[in-house]
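Overview (structure and organization)
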Amino acid sequence: MPKRTTCLTSPPQSVCNFSSTSGRTMENLVFSYTPTACDTSSSGTVLPRPLGEENVWQLCNTVKSRFSDELCRCYCVFISNKEKQIPLWLQKAGKNEEGLVVWDYHVILLHKMASGSFVYDLDSRLSFPVRFEEYAFRTIHPRFRVVAASTFLATFASDRSHMLDDEGRYLKPPPDYPPIRTEASENNIQEFISMDPAVGVGNVMDFEHFYQLFTENNT
């Protein structure tokens, strides 16, 4: 097994009571987002991640507005590694039957209830949402930064400079709303993408403990 980086005995910064009756299904979770699927030349091409983090931020904000009691059970998860080359399967941008894409990083939303955890991945060919167990074994294998949704809303900032090409032009058209900022920062996305546990907010963990966190009934 990979060496454990961070030990978690409970979800980070969660104030929910994960009792046998906690959590409710977030049905018809409709929100405004920008498609992120990219054209790929081959399954070995490393693709940039345009707007994935902002789409998840918008999704968290929708949960806050429509299912406020569930926000404390939601987590924004940044998936990456030191090389920033992560193979993910069953992605919409994949050209082959397996849907294999190598991203530099990827961002998903996880909703943890006593009855189980669900993944919201806008780029996946799997259902939306999909049970965590199915998603974990069919899609992912890298390292993970897990951030409580409320913390993500309060701390994430991006000036979208990572979405520009060498000539300063957007790789994909940006959303029509202003860049997401906080009082403390205008751009800290690299801290979320980093898999260094000494950097940023949330918790960095390997697959073994990521899987354990969202399949066990935490209190």
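Okay, so let's go over this structure. All values derive from a computational prediction rather than experimental measurement.

In a soluble, globular protein the nonpolar side chains are often hidden away together inside. Counting 28 residues, the largest nonpolar core has V56, C60, V63, F78, L109, F152 and F156 as the members making the most contacts within it. Elements supplying a minimum of two residues to this core: α1 (52-66), β2 (74-80), β5 (106-113), β6 (116-120), α3 (149-155) and α4 (189-193). The biggest single contributor to this core is α1, with five residues. If near-sequence neighbours (up to four positions away) are discounted, F78 is found in contact with E53, Y105, H106, V107, R143, F144, R145, F152, F156, F192, I193 and M195.

Moving on, we get to the pattern of salt bridges. What the rule picks out here adds up to seven salt bridges. A salt bridge links E167 to R169; its shortest N-O distance comes to 2.8 Å. Given the relative accessible area of 59%, E167 is considered exposed.

On to the packing of aromatic side chains, then. For the coordinates displayed, the defined rule picks out 17 aromatic pairs. Seen from their ring centres, F152 and F192 are 5.6 Å apart, and the 75° between their planes marks the pair as edge-to-face. Within this pair, whereas F152 is found in helix α3, its partner F192 is found in helix α4, the two being separated by 40 residues in sequence. Accessibility expressed as a relative area gives 3% for F192, which makes it buried. A connected cluster of aromatic rings, assembled from ring pairs, spans Y75, F132, F137, F144, F207, F210, Y211 and F214.

Cut-offs used in this document
- Every chain's residues receive numbers from 1 upward, in the order its sequence appears when written.
- Given that this is a predicted model, residues contribute local features only at a pLDDT of at least 70 and side-chain atom pairs are listed and counted only at 80 or more, while totals for whole chains, interfaces and linings are drawn from all residues.
- Hydrogens and waters are ignored; side-chain quantities use all the structure's heavy atoms.
- Take the buried residues of types Ala, Val, Leu, Ile, Met, Phe, Trp, Tyr and Cys, join any two whose side-chain atoms come within 4.5 Å, and each joined set is a nonpolar core.
- Partly exposed describes any residue whose relative accessible area lies between the buried limit of under 20% and the exposed limit of over 50%, with all areas from a 1.4 Å probe on protein chains only and scaled to the type maximum.
- The helix count covers DSSP runs of H or I at least four residues long, the strand count covers runs of E at least two residues long, and both are numbered beginning at the N terminus.
- Whether two residues touch is decided by their heavy atoms; if any such pair falls within 4.5 Å, the residues are in contact.
- Here, a salt bridge means any Lys or Arg side-chain nitrogen found within 4 Å of an Asp or Glu carboxyl oxygen.
- Here a pair means two rings of Phe, Tyr or Trp (six-membered ring of Trp) with centres within 6.5 Å. Their orientation is stacked below 30 degrees between planes, edge-to-face above 60, and tilted elsewhere.

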